Structure formats: C-alpha cells, structure tokens
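Remarks on the overall topology
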Amino acid sequence: MKFQRVNDYLYVTLWDKQYKRPRRFYLGKSTNNKLAELLNVAEQLRVDPEEIRDYLERQMDPATRLTRTDLVVLALLLGAKAWQQNTDSTAH
Amino acid sequence: MATEYRFYSALRLAVRLVKKWFPEYALIGRFARNFYAPPETTLDVDFLVNLDDHERLKKFLDYASPRFQVSPMDIGHWQYKLYIKSLRFDLVKPKGYNYDPEVVARRRHIKLEPISEVAILSPEDLAVLYLVSSLDRGVKDLIKAKDIVAYSKARGDFNEEYFLRKSEENKVKHLALTLLSSNY
C-alpha cells in the first residue's frame with residue numbers, strides 16, 4: 001500500500017484485483033486522516049487459520065454451510081439474558 | 001425458561017411487524033454476522049429497512065406506536081428503536097449505504113426453528129455495510145467485515161467480484177481491496 005501526499009491531500013495506490021491494474025484513491029485532507037489509519041489497520045487484520053479450522057469443524061452446519069442455527073440462537077439468548085439481568089439490577 | 005419464551009415471542013413479533021411494513025427488510029448487525037462467522041453475543045437485533053420511504057415509515061409509526069414503545073416518533077432519522085416485551089430492536093438505514101433491489105434480491109432466507117423464517121443480508125453485502133459503517137464507527141466494524149470475508153471464503157461462500165463491485169458503488173473499495181490483500 002502506497003500513500004502519496006499532494007499539497008494538503010492524501011491518496012493511496014492499491015492493486016485493483018477486479019480490473020487487474022493499480023488504482024489511486026483519494027482519501028481526503030492529509031492532516032489527521034482517519035481513513036489512512038483505517039487502511040493501515042485493515043492491512044494488518046488477520047484471522048487465525050486454526051480458528052477457521054475449528055469453526056468449520058465444530059460450528060458450521062455442513063448441510064447449510066452456515067453457522068449452526070442453535071449456536072446463533074444461543075448467542076442471542078445469552079445477550080438477551082445479560083441485558084435483562086443488567087436492566088433488573090439497574091431497576092433495583 | 002421464561003426469558004427464552006419471552007425472547008422468542010418478542011423476536012417473532014418483531015419479524016412479523018417489520019415484514020408487514022417493510023417486506024424488503026434484512027437482518028443485519030451481529031445477529032446476521034453470526035450466521036457467517038463464530039457467534040458473538042448480541043444485545044439487540046437490527047433490521048435494515050428503507051427508511052427513506054417516508055410514507056411507509058409514517059404508516060409504520062402510526063401502527064406500531066400504540067402497541068409498542070417506539071422512538072423517535074417523527075420522520076427523517078436513520079435509526080428507530082422498537083421495544084417489544086422489553087427487548088430492543090433497531091430499524092436502521094445507515095447513511096451512505098445504498099440498499100438497492102440487487103441487495104434485496106440476494107438476501108438469504110433462513111429457517112430459524114423458533115421464529116420460522118428470517119431474511120438476512122448476504123455475506124458480501126453485510127461486509128460492505130460494515131465497511132461503510134467503519135467510516136463512522138471505526139476499527140470494530142472493520143474487524144467484523146474482515147471476519148465475514150475470511151470465514152465466508154473458508155466456507156466457500158463468498159463472491160469476491162460482487163463484493164468489489166458493491167464496495168465501489170458504496171465508495172469503500174479501497175477498504176475492500178485492503179481487506180482482501182491478505183489470505184486470512
């Protein structure tokens with residue numbers, strides 16, 4: 001990823017794999033550029049291959065190739081219960 | 001058990017209510033993300049609907065407000081909170097996101113035992129939506145987009161070309177290309 005500052009403005013050049021050519025994107029003013037910070041973070045983000053393997057083996061439903069619905073519902077229920085307990089304790 | 005019953009009942013009611021006024025709805029947020037990546041707990045359920053249709057929104061508010069707690073009550077906001085059996089549901093249309101007919105057509109319809117069927121945004125569109133919201137909300141939404149991309153690719157369920165095209169339409173292609181630059 002290559003950033004360029006032109007006068008007070010910031011650009012980044014990226015390989016556009018859709019069109020198979022480099023492409024320049026305008027990011028806004030160069031001072032305190034939040035988009036540049038986001039791009040730097042995005043470049044560093046990784047998902048552990050071991051966690052992906054574990055997800056495919058234990059949490060994915062082979063029939064639908066999506067997360068098992070019982071786990072999705074459980075995540076919602078646990079969140080709702082935590083929220084309810086928090087609401088109850090606030091009310092007390 | 002009582003919480004479970006109340007929760008299912010509230011979710012069923014919310015889906016039925018939203019579907020009646022906004023048939024193009026899609027569930028988004030962590031609930032939808034959890035179908036594509038390892039589940040994380042969530043405190044509310046978010047519906048993406050066309051809040052720009054003010055006539056329909058007004059009819060929805062007129063119908064829902066005597067029955068449930070809804071706020072705000074006037075037109076023109078990007079987010080409405082709906083409380084059913086003291087559980088919170090959000091109706092949203094994030095600024096800068098283009099919810100077009102192609103996105104609606106690509107929704108996934110999922111059979112969910114206690115609620116029957118729900119529509120959720122496709123993995124590609126949900127990742128784009130997270131990229132758009134990361135412009136305001138920062139890194140945490142970027143991480144959710146990355147999770148969806150990485151796990152969906154591992155499931156063999158991710159159309160990269162469509163994702164890039166929609167990223168371009170929503171002005172976040174630089175973020176999409178950067179996310180795709182690493183395998184995991």
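**Concerning the overall build of chain B**
Broken down by element type, chain B carries eight helices and seven strands. Computed over the C-alpha atoms, the radius of gyration of chain B is 16 Å, within 12% of the 16 Å expected from 2.2 N^0.38 for a compact globule of 184 residues. If you line up chain B on its principal axes, its C-alpha atoms span 50 × 40 × 30 Å. When the 184 residues of chain B are sorted by exposure, 46% land in the buried category. Across chain B, every contact between residues at least 6 apart in sequence was considered, and the portion connecting residues at least 24 apart equals 58%.

**Remarks on the pairing of strand S3 (residues 21-29) of chain A**
All names here are of chain A. For strand S2 (residues 9-16) and S3, the ladder comprises eight bridges, and the chain directions are antiparallel. The partner of tyrosine 9 across the bridge, within S3, is lysine 29. In this antiparallel pair of consecutive strands, S2 and S3, the connection spans four residues, and lysine 20 shows a positive phi of 55°.

**Examining the interface of chain A and chain B**
Taken residue by residue, the interface counts 39 residues in chain A and 41 residues in chain B. Those elements that provide at least two residues to the side of chain A that touches chain B are S2, helix H1 (34-44), helix H2 (49-59), strand S5 (66-67) and helix H3 (69-91) of chain A. Residue contributions to the side of chain A that touches chain B peak at 15 residues, all from H3 of chain A. In terms of residue class, the side of chain A that touches chain B is made up of 26 nonpolar, seven polar and six charged.

**Focus: the pairing of strand S5 (residues 87-92) of chain B**
All names here are of chain B. Sheet topology note: the strand S2 (residues 45-48)/S5 ladder contains four bridges and is parallel. Each bridged residue has a counterpart across the sheet, and for valine 45 the counterpart in S5 is phenylalanine 89. Pairing geometry for strand S4 (residues 79-84) and S5, over six bridges, is antiparallel. By the bridge assignment for S5, tyrosine 83 is matched with arginine 88. Hairpin geometry of S4 and S5 is characterised by an intervening segment of two residues between the two adjacent antiparallel strands and by a positive phi of about 50° at lysine 85.

**With respect to the sheet that holds strand S1 (residues 2-6) of chain A**
All names here are of chain A. Strand order across the open sheet formed by three strands is S1-S2-S3, with antiparallel pairing between neighbours. Of all the strands in the sheet, the pair left with one neighbour each is S1 and S3. Going across the sheet, the axis of each strand differs from the next one's by a mean of 30°, ignoring polarity. Pairing geometry for S1 and S2, over five bridges, is antiparallel. By the bridge assignment, phenylalanine 3 is partnered in S2 with valine 12. H1 rests against S1, S2 and S3 of the sheet, and its axis sits at about 135° to S3.

**Observations concerning the domain arrangement of chain B**
Residues and elements named next belong to chain B. According to the domain assignment, chain B contains domain 1 (2-121) and domain 2 (124-180). A straight line from the C-alpha centre of domain 1 to that of domain 2 covers 21 Å. Domain 1 puts 12 residues into the contact, and the matching count from domain 2 is 12 residues.

**Considerations on the environment of tryptophan 15 of chain A**
Inspection of the secondary structure assignment puts tryptophan 15 of chain A in strand S2. Along the chain, tryptophan 15 of chain A and methionine 1 of chain A lie 14 residues apart, while their C-alpha atoms are 8.3 Å from each other.

**Observations regarding the domain arrangement of chain A**
By domain assignment, chain A separates into domain 1 (2-44) and domain 2 (49-91). Taking only C-alpha atoms, the centre of domain 1 of chain A and the centre of domain 2 of chain A are 36 Å apart.

**Describing the nonpolar core**
Ranked by internal contacts, the top residues of the largest apolar core, which has 76 residues, are Ala14 and Leu27 of chain B. Not counting residues up to four positions away in its chain, the partners in contact with alanine 14 of chain B are Val45, Leu82, Ile84 and Phe89 of chain B.

**Remarks on helix H6 (residues 139-154) of chain B**
The first and last C-alpha atoms of H6 of chain B sit 22 Å apart over 16 residues, in line with the 22 Å expected at 1.5 Å per residue. Those residues of H6 of chain B that fall on the buried side of the exposure criterion are Leu142, Lys144, Ala145, Lys146, Asp147, Ile148, Val149, Ala150, Tyr151 and Ser152 of chain B. On its buried face, H6 of chain B sits against H1 and H2 of chain A together with helix H2 (29-33), helix H5 (123-137) and helix H8 (173-180) of chain B. At the C-terminal side of H6 of chain B, glycine 156 of chain B shows a positive phi close to 70°.

The rules behind these values
Residues numbered from 1 in each chain as written. Chains lettered and ligands numbered in written order. Predicted model: local features only at pLDDT ≥ 70, side-chain atom pairs only at ≥ 80, totals over all residues. Helix = DSSP H or I, 4+ residues; strand = E, 2+ residues; numbered from the N terminus. Rg over C-alpha atoms; globule rule 2.2 N^0.38 Å. Buried ≥ 20, exposed ≤ 12 C-beta atoms within 10 Å, placed from the backbone. Contact = placed C-beta atoms within 7 Å. Pairing = 2+ DSSP bridges. Nonpolar A, V, L, I, M, F, W, Y, C, P; charged D, E, K, R; others polar. Axes fitted to C-alpha atoms, helices over the stretch in contact; angles between N-to-C directions. Domains from an automatic or database assignment. Core = buried A, V, L, I, M, F, W, Y, C linked by C-beta atoms within 7 Å. Expected span 1.5 Å × (residues − 1).

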